[in-house]
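Survey of secondary and tertiary structure
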Amino acid sequence: TCWTLAGTTAELGPQPVLPDGCTELIVHRGRPFWRHDAHGSADRQATRLFVGQMRAPVVIAPDGDADIVAIRFEPFGAFALIGTHQTTPADQIIEADALDERWLTRAIQQAESANTADDALRMLQDALLARLDRRRAPIVDTRVITAARALMRTHGAMTVDAVARHAATS
């Protein structure tokens, strides 16, 4: 899923970000936001973020004009692209450059210099799809994909046995 966010500090204000089980790639094309923690301190976010699955909400606040483009991955999606297991970045918001994926860094640089947010998203999507095309080998067990999509479709309202049956596994 792709999303964008644009606006000013006055329009947007502080935003709570609730855990949703997804990993995201976020590119601040404008001024990066502040991230507030539960202890009352704040840190400025990097401009290029890789956000792992979060177990607790965070509060972010703009500081000037916001211009964000982002890709939200399905639970198995980040692994399919960069081979990072979901437990590795869990509860972390790290600089995307720390992933040390040159193809991703180039794609983000192009997105940052795009004329519009739509162009930036298109550039990121093209790079991600090209990466999948190059990896051709099955990288995620189809049972995992089936189970994850069933859980997402039902918002987690399935028993473990029902998920296993749906995914044809034990």
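Let us look at the structure shown here. (Residues numbered from 1 in each chain as written. Predicted model: local features only at pLDDT ≥ 70, side-chain atom pairs only at ≥ 80, totals over all residues. Heavy atoms only, no water.)

What follows is about the sheet that holds strand β3 (residues 23-28). Strands sit in the order β1-β8-β3-β6-β9 across an open sheet of 5 strands; the sheet is antiparallel. Both outer strands of the open sheet, β1 (2-7) and β9 (93-95), are each paired with one neighbouring strand and no more. Neighbour to neighbour, the strand axes of the sheet diverge by 20° on average, direction disregarded. Judged from the 3 bridges that link them, strand β6 (residues 48-51) and β9 form a sheet pairing that is antiparallel. Bridging across to β9, L49 finds its partner in E95. (Pairing = 2+ DSSP bridges. Helix = DSSP H or I, 4+ residues; strand = E, 2+ residues; numbered from the N terminus. Axes fitted to C-alpha atoms, helices over the stretch in contact; angles between N-to-C directions.)

A separate point is the pattern of salt bridges. Counted under the stated rule, the structure contains 10 salt bridges. Between D63 and R44 there is a salt bridge; the shortest N-O distance is 2.6 Å. With a gap of 19 residues between them, D63 in the loop between β7 (58-61) and β8 (66-73) and R44 in strand β5 (residues 42-44) connect regions that are remote in the sequence. Since its relative accessible area comes to 26%, D63 is described here as partly exposed. For R44, a relative accessible area of 31% corresponds to the partly exposed category. Between R55 and D91 there is a salt bridge whose closest N-O contact spans 2.5 Å. Taken together, the positions of R55 in the loop between β6 and β7 and D91 in the loop between α2 (77-82) and β9 put the pair 36 residues apart, joining distant regions of the chain. When its relative accessible area of 69% is taken as the criterion, R55 is described as exposed. By relative accessible area, D91 is classed as partly exposed at 32%. Within this structure, D20, E24 and R72 form a network of salt bridges that share partners. (Salt bridge = Lys/Arg side-chain N within 4 Å of Asp/Glu carboxyl O. Buried < 20%, exposed > 50% of the residue type's maximum accessible area, 1.4 Å probe, protein only.)

Most of β3 sits out of view: 6 of its 6 residues are buried. Alternating positions in β3 separate into two faces, T23, L25 and V27 on one and E24, I26 and H28 on the other, with burial throughout. Inspection of the sheet shows β3 paired to β8 by 6 bridges, in the antiparallel sense. What sits directly across from E24, in β8, is R72. Relative to β6, β3 runs antiparallel, the two sharing 4 bridges. Along β6, the bridge assignment pairs E24 with V51.

As summarised here, the arrangement of the 4 strands in space is β2-β7-β4-β5, forming an open sheet in which the pairing is antiparallel. Looking at the sheet topology across the chains shown, the edges are occupied by β2 (15-17) and β5. Neighbour-to-neighbour, the strand axes of the sheet open up by a mean angle of 30°, direction not taken into account. Of the strand pairs in this sheet, strand β4 (residues 34-36) and β5 are connected by 3 bridges, and their pairing is antiparallel. In the strand pairing of β5, H36 is matched with A42.

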